[in-house]
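# Commentary on secondary and tertiary structure
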Amino acid sequence: MTSSRRCSRARRRSPESSTHAEASAPVSLLRTRLGLPGHDVAPGDSVDSRPRSPWWAREDRMPVKPDPPGFPQRRCADVCSVTAAQMRDVQRLAQEEFGLDILQLTENAGRSAALLAFAMLGGRGRGQRVVVLAGGGNKGAAGLAAIRHLANWGCRVEPVISGVEEEVSFTARRQMHILRQSGLLQPADLDASEVTLEEQLANADLVIDALVGYGLEGPPVGVAAAVTRLAIESRRPILALDVPTGVNATTGEVSTPAIRAVTTLMLDLPKRGCLESQARGMVGELYLADIGIPLSVHQRLGIPVGQLYAEGPIVRLRR
Ligand SMILES: NC(=O)C1=CN([C@@H]2O[C@H](COP(=O)(O)OP(=O)(O)OC[C@H]3O[C@@H](n4cnc5c(N)ncnc54)[C@H](OP(=O)(O)O)[C@@H]3O)[C@@H](O)[C@H]2O)[C@H](O)CC1
Ligand SMILES: [K+]
């Protein structure tokens, strides 16, 4: 099962490259489409060697706050953290026995992400550009939901879709449908070239990483890896949803490539991997959002949540 999954992933994600070359040269994927020369970054290469400020980069960007004030605070040590497997159990129970719909959970996740992003932007939407990198799973669906909220609040939001629409989860597909009907997703967003993406990133005030969360299997490959590398090279501030792409939610193991976030908004409960010391440089400031899973779901599974959200639905975690 696992190996056939992986084969189909390699096939789907990297039609232009041979299977064994794929892991080392994902960035050339989008470039290949454009017929441009290669642009490979070897694992361990310093991103400092990349040229800074290209001609299209805006000079008038507002600084974002990685640690916006106004949220209640908790100490990491006082909050119970979970593995990806425990989180899946919570989600399964919430859906199968309590009747919550995954669309509700992803919507709440996306709205929480939008609220924190808005606070990071200083509580002002007009004139702010946000780029949302969306994958094909429920993390992607949450990022896509965030686009609609941030657009309503005056931001200019650009979606970057890293999956083939027919293959993404139904939650992501539903959010894509809503965005398309709202005029927030254009045909060109589904097939952005590397150059377009570099330009979008260079002009972004804030980037939201909604590529791959606790569903990560092995190091990021294919388009998700290519987009991750471009986001790293752009040096723009990144808000990661749940766990930065490329970081293992349970162990904290950091793959190449992996998103280095200024802020990570974990959903429902802290993911153990985000609190591990090896992931520290990747997660940045830590926040936690209630996504509407009843406390009794956690209680049933013996996970003590206590008064975690008693002062508000988004909490800042201090180390
Ligand atoms: N209860 C919660 O905590 C909730 C969390 N939410 C968010 O959803 C994710 C978990 O969602 P899930 O759909 O299970 O998985 P992900 O979205 O994290 O990842 C699946 C997609 O990622 C692709 N993938 C997996 N491994 C790789 C890889 N090595 N390289 C590239 N791409 C990869 C996978 O592709 P497939 O081809 O395998 O299908 C999927 O497209 C959680 O982290 C939160 O962010 C919900 O929003 C609400 C509930
Ligand atoms: K999935």
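Residues numbered from 1 in each chain as written. Chains lettered and ligands numbered in written order. Predicted model: local features only at pLDDT ≥ 70, side-chain atom pairs only at ≥ 80, totals over all residues. Heavy atoms only, no water.

By the naming in an unreviewed UniProt entry, the protein chain is NAD(P)H-hydrate epimerase, taken from Tepidiforma bonchosmolovskayae. Listed in UniProt under the heading Function (unreviewed entry), the comment for the protein chain reads: "Catalyzes the epimerization of the S- and R-forms of NAD(P)HX, a damaged form of NAD(P)H that is a result of enzymatic or heat-dependent hydration. This is a prerequisite for the S-specific NAD(P)H-hydrate dehydratase to allow the repair of both epimers of NAD(P)HX." The heading Sequence similarities (unreviewed entry) in the UniProt record of the protein chain holds the text "Belongs to the NnrE/AIBP family." (UniProt positions renumbered as here; feature names shortened; annotations may be inferred.)

### Quick look at helix 7 (residues 170–181)
The end-to-end C-alpha distance of helix 7 is 16 Å, a good match for the 16 Å that twelve residues give at a rise of 1.5 Å each. All of the buried residues along helix 7 are T171, A172, Q175, M176 and L179. Each buried residue of helix 7 sits inside an arc of 135° when the element is viewed along its axis, so together they form one side. Residues of helix 7 that are buried make contact with helix 5 (102–120), helix 6 (138–152) and strand 3 (156–161). The first or second residue beyond helix 7 is G183, which carries a positive phi of 75°. (Helix = DSSP H or I, 4+ residues; strand = E, 2+ residues; numbered from the N terminus. Expected span 1.5 Å × (residues − 1). Buried < 20%, exposed > 50% of the residue type's maximum accessible area, 1.4 Å probe, protein only. Arc of directions from axis to C-beta. Contact = heavy atoms within 4.5 Å.)

### Structural notes on the UniProt feature "domain: YjeF N-terminal" (unreviewed entry) in the protein chain
Within this numbering scheme, the UniProt entry marks residues 87–299 as carrying the feature "domain: YjeF N-terminal" (unreviewed entry). Helix makes up 43% of residues 87–299 and strand 15%, and the two end C-alpha atoms of the span are 13 Å apart.

### Observations regarding the environment of T228
Here T228 shows up in helix 9 (residues 222–234). Remark: the alpha-carbon pair of T228 and P257, spanning 29 residues in sequence, is separated by 6.7 Å. Here T228 is in contact with L211, T245, P257, A258 and I259, once residues within four sequence places are set aside.

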